[in-house]
Amino acid sequence: MNQYDLNLILNPNLSAEQVQIEKDYIETTLKNSGAEMSNLDDVGNRRLAYAIDKDREGYYLMYTIKASGNPEKDIASTLRLRDHVRRVLVVKDRPEWKTKKA
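Residues numbered from 1 in each chain as written. Predicted model: local features only at pLDDT ≥ 70, side-chain atom pairs only at ≥ 80, totals over all residues. Heavy atoms only, no water.

By the naming in an unreviewed UniProt entry, the chain is Small ribosomal subunit protein bS6, taken from Deinococcus humi. The UniProt entry for the chain carries the following text under Function (unreviewed entry): "Binds together with bS18 to 16S ribosomal RNA." Looking at the Sequence similarities (unreviewed entry) heading of the UniProt record, one finds this comment for the chain: "Belongs to the bacterial ribosomal protein bS6 family." (UniProt positions renumbered as here; feature names shortened; annotations may be inferred.)

Written as structure tokens, this is what we have:
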């Protein structure tokens, strides 16, 4: 199993209950695809570099997951179908990116 970063931007106008519903759906999707969630960084509302659907802010969720196969196909394609999900990005975590060069 490889480690990936799963980054999502949700609609910034969601209530706390709606955000929790989206988080539960994301975790269910991860379990159904055979991935394991190891970390969740709930950043909250942040300003975007450009407007998405006329919104200048987005609600950020950053997951660290372990998955086999192709999570871009399995997980991201499922999450993109949600109405409140604006962007989904899956990036393979590479250890050499975290080492400092001398």
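Next comes the rest of the description.
Enquirer: Now, about the sheet that holds strand S1 (residues 2-10): what can you tell me, with residues and values included?
Expert: Pairing between the strands of a sheet is mediated by backbone hydrogen bonds and can be parallel or antiparallel. Spatially, four strands are ordered S2-S3-S1-S4 in an open sheet, and the strand pairing comes out antiparallel. One side of each edge strand has no neighbouring strand; the edge strands of this open sheet are strand S2 (36-52) and strand S4 (85-92). With direction set aside, neighbouring strand axes in the sheet form an average angle of 20°. Relative to strand S3 (residues 55-67), S2 is paired through 11 bridges, and the arrangement is antiparallel. Across the sheet, Asp41 pairs through a bridge with Met62, a residue of S3. Here helix H1 (residues 16-32) sits on the sheet and contacts S1, S2, S3 and S4; the angle it forms with S3, its principal contact strand, is near 30°. Here helix H2 (residues 71-79) sits on the sheet in contact with S1, S3 and S4, set at roughly 165° to S4. (Pairing = 2+ DSSP bridges. Helix = DSSP H or I, 4+ residues; strand = E, 2+ residues; numbered from the N terminus. Axes fitted to C-alpha atoms, helices over the stretch in contact; angles between N-to-C directions. Contact = heavy atoms within 4.5 Å.)

Enquirer: So what's going on with the packing of aromatic side chains? Which residues, and what values?
Expert: Following the criterion strictly, the structure yields zero aromatic pairs and no others. Sitting over the ring of Tyr25, Arg82 keeps its end group 4.0 Å from the ring centre. (Phe/Tyr/Trp six-rings, centres within 6.5 Å; stacked < 30°, edge-to-face > 60°. Lys NZ or Arg CZ within 6 Å of the ring centre and 35° of its normal.)

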